[in-house]
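For reference, the chains in residue letters:
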Amino acid sequence: MLRVRIAQFGGVAVLRATWLFIALLPLCVAADNVEPAGMACTGSRLIVQGGDAVDVSLACEGGARAIAFLSGLGLRIPERLRIEVVPALPTLYGASPLGSYDAAAGRIQVLAYERCATDGPDKLLFDQPLGHDLYRSLVAHEVAHAIVQANYSGDGPQVVPQEYIAYTTQFAVMSPALRATILDSSRISAFAGEHQMSATLFFLDPPSFGIAAYRHFRNQPDGRPVVWRLLRGEAQLPHITD
């Protein structure tokens, strides 16, 4: 069986189809209740391990926003979700990921905020510098992958369901101002339907896939049926040949 690891990069995402599958990730949630393996986020099922006080606060908030959005769509939230804040993630083909989700291990990892906020082309998402708002959305993207994994019941590849829902979550939890800035600067239109939700587009241009996915979701009278068709493997997606 193909194992999946999903990683979000600043400026670029890479997918390697081998036995290890690599691709692309004003509520204030306090963190308290020290546990041996991390900090439990108040009022949620999240635990944050590593990082400083800023990292923990942003990770708790981003994760809580993802939980609120996806639970509102009817998804089951795992009993515990652990976010590891790390000083570095392994490079892949010369690119430095900002966050990743390892489905085989159920492991969510995000780069520490201070490292993400460092100037440079690898520290941009959607051509935007990584401020607090965008960082929270990065965390939400990776947490969404873990929640999708817990709810997926289809038989086919998870790439499109995972990325459609993770990117939709990421845009949904952004502030309206940041979301508008990104969408207004993009010429990417919404997917016209499931037949356009191509994994190939994601492989070649992850940000464009994400924008098209969110625009499609937003255009629906009710996005829940689309999400659940993806989760159940019922969506009529483009066929990918081996």
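Residues numbered from 1 in each chain as written. Predicted model: local features only at pLDDT ≥ 70, side-chain atom pairs only at ≥ 80, totals over all residues. Heavy atoms only, no water.

Engineer: In this structure, what is going on with the packing of helix 1 (residues 53-72) against helix 3 (residues 132-151)? I would like to understand it.
Structural biologist: Think of two packed helices as two axes; the pair is described by the angle between the axes and how far apart they sit. Two elements in contact, helix 1 and helix 3, have axes whose closest approach is 7 Å; the angle formed by their N-to-C orientations is 55°. It follows that helix 1 is oblique to helix 3 by the angle criterion. For the element pair helix 1 and helix 3, the recorded crossing hand is right-handed. From helix 1, Val54, Asp55, Leu58, Ala59, Glu61, Gly62, Gly63, Arg65, Ala66, Ile67 and Leu70 reach across to helix 3, where they touch His132, Asp133, Tyr135, Arg136, Val139, Ala140, Val143, Ala144 and Ile147. For the contact of helix 1 with helix 3, the per-class residue count stands at 12 nonpolar, 3 polar and 5 charged. (Axes fitted to C-alpha atoms, helices over the stretch in contact; angles between N-to-C directions. Helix = DSSP H or I, 4+ residues; strand = E, 2+ residues; numbered from the N terminus. Parallel < 35°, antiparallel > 145°, perpendicular 65-115°, else oblique. Left-handed = near helix turned anticlockwise from the far one by under 90°. Contact = heavy atoms within 4.5 Å. Nonpolar A, V, L, I, M, F, W, Y, C, P; charged D, E, K, R; others polar.)

Engineer: How should I be thinking about helix 8 (residues 224-231) in this particular structure?
Structural biologist: Along an α-helix, residues three or four apart share an orientation, since each turn contains 3.6 residues. Restricting attention to buried positions, one finds in helix 8 the residues Val226, Val227, Trp228, Leu230 and Leu231. Looking at the packing, one finds that the buried side of helix 8 touches helix 3, helix 4 (159-173) and helix 7 (206-219). One or two residues past the end of helix 8 sits glycine 233, with phi positive at roughly 75°. (Buried < 20%, exposed > 50% of the residue type's maximum accessible area, 1.4 Å probe, protein only.)

Engineer: Just to check I follow, could you spell out the pairing of strand 8 (residues 97-102) for this structure?
Structural biologist: For strand 8, the buried fraction is high: 6 of the 6 residues fall into the buried class. For strand 8 and strand 9 (residues 107-111), the ladder comprises 4 bridges, and the chain directions are antiparallel. Across the sheet, residue serine 100 finds its bridge partner in strand 9, namely glutamine 109. The turn joining strand 8 and strand 9, which pair antiparallel and follow one another in sequence, is formed by 4 residues; a positive phi near 65° is taken by glycine 106. (Pairing = 2+ DSSP bridges.)

Engineer: Please explain the packing of aromatic side chains as it appears in this structure.
Structural biologist: The geometry of two aromatic rings is summed up by the distance between their centres and the angle between their planes. For the coordinates displayed, the defined rule picks out 8 aromatic pairs. Residues phenylalanine 171 and tyrosine 214 carry aromatic rings whose centres are separated by 5.3 Å and whose planes lie at 25° to one another, so their mutual orientation is stacked. Of this pair, phenylalanine 171 sits in helix 4 while tyrosine 214 sits in helix 7; the two residues are 43 residues apart in sequence, bridging distant segments of the chain. The class for phenylalanine 171 is buried, based on a relative accessible area of 0%. Seen in terms of ring centroids, phenylalanine 191 and phenylalanine 209 are 5.3 Å apart; in terms of plane orientation they differ by 65°. Their pairing is edge-to-face. With phenylalanine 191 in the loop between helix 5 (176-184) and helix 6 (199-204) and phenylalanine 209 in helix 7, the pair connects residues that are 18 residues apart, well separated along the chain. The pair formed by phenylalanine 191 and phenylalanine 209 is uniform in burial state, with each residue classed as buried. Connected via pairs of aromatic rings, a cluster forms that spans Phe126, Tyr167, Phe171 and Tyr214. (Phe/Tyr/Trp six-rings, centres within 6.5 Å; stacked < 30°, edge-to-face > 60°.)

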